[in-house]
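Here's the letter readout for the chains.
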Amino acid sequence: MKKVILSSYNIDAITRNLGYELSEALSNEEQLPLFVCVMRGAICFMGDLVKCVDADFLCDYVQLSRDQEGDPRIEKDISFPIKNRTVVFVEDIVDTGSILDYLIRHTLLKHPKRILVCTLVNKTKNRKIEVPIDFCGITIKDDIFLTGYGLSYKGMVRYSPEVYVPSEEELEAYDKKL
């Protein structure tokens, strides 16, 4: 049986709190800040988060993958000009830090005013590269596999309303559906 880590109620409370914190942090921007969803995982979180931000802003998304050597690469980059603009990366989970580190370094070349990172889950056990996290829903120190609410298993169960640790039986059942 799956073990629920964040219920939909918990996610709603976290999202509202982070929305309030972001509203405060972005209240005096000269240019509209740009919220950037790190696809695909952050799509659920981003959709709920931006509804809780009491400020004007722009939205965009980036999509990254890994090449054959396992190095990050950008599939779809930010569409808006970001020079002197605050960029807020919205992540579902920060795990090893390698993708986010690559994305931040790539974005800094475009001279934003600042980069902020907002993640639902900060999973620290597997961290290989330390990355700045400005707004965090929950920190998990255990090495557990999470699914739901943006976090997928082989592309499945991404749209569950909760974050959970699937049982071995559930993973086997998902594998049979592929």
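Above this text sits the structure in question.
Read on for an overview of the structure. Position numbers for residues count from 1 along each chain, tracking the sequence in the order it is written. Side-chain atom pairs in this predicted model are given and counted only at pLDDT of 80 or more, local residue features only at pLDDT of at least 70, and totals for whole chains, interfaces and linings cover all residues. Excluding hydrogens and water, the side-chain figures rest on all heavy atoms present in the structure.

**A short note on the layout of surface pockets**
To find the voids left in a structure, one rolls a probe of water-molecule size over its atoms. For clarity, the cut-off: The method works on a 1 Å grid over the protein atoms by themselves. A cavity is a set of points holding a 1.4 Å probe that cannot get out, a pocket is an open set with protein on both sides within 12 Å along at least five of seven lines, and residues with an atom within 4 Å of a point line them. Grid points are joined across faces, edges and corners, and a volume is the space filled by probe spheres set on the points. The helix count covers DSSP runs of H or I at least four residues long, the strand count covers runs of E at least two residues long, and both are numbered beginning at the N terminus. Side-chain classes are defined by residue name, with Ala, Val, Leu, Ile, Met, Phe, Trp, Tyr, Cys and Pro counting as nonpolar, Asp, Glu, Lys and Arg as charged, and the others, Gly among them, as polar.
In this model, the largest pocket occupies a volume close to 730 Å³. If you trace the largest pocket, you find 26 residues lining it, with E91, D92, I93, I99 and L151 closest to the centre. Among the elements of the structure, β2 (34-39), β3 (58-66), β5 (86-94) and α3 (98-108) are those that each provide at least two residues to the lining of the largest pocket. In terms of residue class, the lining of the largest pocket is made up of 11 nonpolar, eight polar and seven charged.

**With respect to the pattern of salt bridges**
Applied cut-off: Salt bridges are defined as contacts in which a side-chain nitrogen from Lys or Arg sits within 4 Å of a carboxyl oxygen from Asp or Glu. Burial here depends on accessible area, computed with a 1.4 Å probe over protein chains only, as a share of the maximum for the residue type. Under 20% is buried, over 50% is exposed, and the range in between is partly exposed.
The full count for this structure, using the stated rule, is 11 salt bridges. E29 serves as the salt-bridge partner of K113, at 3.3 Å between the closest nitrogen and oxygen. Remark: E29 occurs in the loop between α1 (8-25) and β2 and K113 occurs in the loop between α3 and β6 (114-123); sequence separation between them is 84 residues. The salt bridge involving E29 is made with R114; its shortest N-O contact spans 2.7 Å. Here E29, found in the loop between α1 and β2, pairs with R114, found in strand β6; they are 85 residues apart in sequence, far enough to count as distant. Given a relative accessible area of 29%, R114 falls into the partly exposed group. Each of E29, K113 and R114 takes part in one network of salt bridges that share partners.

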